[in-house]
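The primary structure of each chain is shown beneath.
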Amino acid sequence: MSGNLDNQTEFVRSLASDFRMAIERALESDKLIYSAIASFPSGCCGYTSDLLQRYLAEKGVATRYVSGTYRDYSTNDSRSHAWLELIDGTIVDITGDQFRFELYPLQNDCPVYCDKPNDFYSRFELEPPCEHEGSFSKDVLRKEQEAYDIICKFL
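Scoring rules and cut-offs
- Residues numbered from 1 in each chain as written.
- Predicted model: local features only at pLDDT ≥ 70, side-chain atom pairs only at ≥ 80, totals over all residues.
- Heavy atoms only, no water.
- Helix = DSSP H or I, 4+ residues; strand = E, 2+ residues; numbered from the N terminus.
- Phe/Tyr/Trp six-rings, centres within 6.5 Å; stacked < 30°, edge-to-face > 60°.
- Lys NZ or Arg CZ within 6 Å of the ring centre and 35° of its normal.
- Buried < 20%, exposed > 50% of the residue type's maximum accessible area, 1.4 Å probe, protein only.
- Contact = heavy atoms within 4.5 Å.
- Pairing = 2+ DSSP bridges.
- Axes fitted to C-alpha atoms, helices over the stretch in contact; angles between N-to-C directions.

### Regarding unusual backbone geometry
The amide bond that connects Phe-40 to the next residue, Pro-41, takes the cis arrangement and shows omega of 5 degrees. Here Pro-41 is to be found in the loop between α1 (2-28) and α2 (45-58). Cis rather than trans, the peptide bond between Tyr-104 and Pro-105 has omega equal to 15 degrees.

Structure, rendered in structure tokens:
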């Protein structure tokens, strides 16, 4: 049984890595310059997670969208982050390295994380996980579709 979970994790890690590389190639060719992920990986974890969730679903991988807030009570500062989670609790995150210049405990320089929760993720106060929602406005759906189509051309 553990072997099957390891195989699935490696499969998902490979898909997530491919998707991230496709985003990077699309950005390098200026195809996503006017999209919500133009500053990838910074500031677009939610939108990117939506796109990755769709891609993984097309590959037969069920995920939940997870978001949370880190609160530094000593400075009254907070940061939000979003990622995906497999049914077994494995985290799938292709934007965690947006925190590469943060100080401990939020420093994270991992571009593709596909593993059990670690210290970084445990610092976020989580909202309840949710399945992919189709209740976006038509404009958001159109923009998401455009970005998704561009990324898929680079896969």
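### A few points about the packing of aromatic side chains
Following the criterion strictly, the structure yields 10 aromatic pairs and no others. Geometrically, the ring pair formed by Tyr-70 and Phe-124 is edge-to-face, given 6.5 Å between the ring centres and 65 degrees between the ring planes. Of the two residues, Tyr-70 is situated in strand β1 (residues 63-72) and Phe-124 in the loop between α3 (119-122) and β5 (125-126); the sequence distance between them amounts to 54 residues. These aromatic residues form a ring-pair network of at least three members: Tyr-70, Trp-83, Phe-99, Tyr-113, Phe-120, Tyr-121 and Phe-124. Its end group placed over the ring of Tyr-148, Arg-54 keeps NZ or CZ at 4.1 Å from the ring centre.

### Describing the environment of Ile-23
Among the structural elements, Ile-23 can be located in helix α1. For Ile-23, a relative accessible area of 0% gives the class buried. Placed 52 residues apart in sequence, Ile-23 and Thr-75 show a C-alpha to C-alpha distance of 34 Å. Not counting chain neighbours up to four residues away, the residues in contact with Ile-23 comprise Leu-32, Ile-37, Phe-40, Thr-48, Ile-94 and Ile-151.

### A word on the sheet that holds strand β3 (residues 91-93)
If you trace the five strands from one edge of the open sheet to the other, you get β4-β3-β2-β1-β5, paired in antiparallel fashion. Across the chains shown, the open sheet's two edge strands, defined by having one partner strand only, are β4 (113-115) and β5. Its contacts with the sheet place α2 against β1, β2 (77-86) and β3, and it is angled at close to 0 degrees to β2.

### Considering the pairing of β1
The buried count for β1 comes to seven of 10 residues, which makes it a mostly enclosed element. Relative to β2, β1 is paired through 10 bridges, and the arrangement is antiparallel. Directly across from Gly-68, in β2, lies its bridge partner His-81. Turn length for the β1-β2 hairpin, with the two strands adjacent in sequence and antiparallel, is four residues, and the turn residue Asn-76 shows positive phi of about 60 degrees. Here β1 runs beside β5; their pairing, made up of two bridges, is antiparallel. Considered in β5, the bridge of Thr-69 is made with Glu-125.

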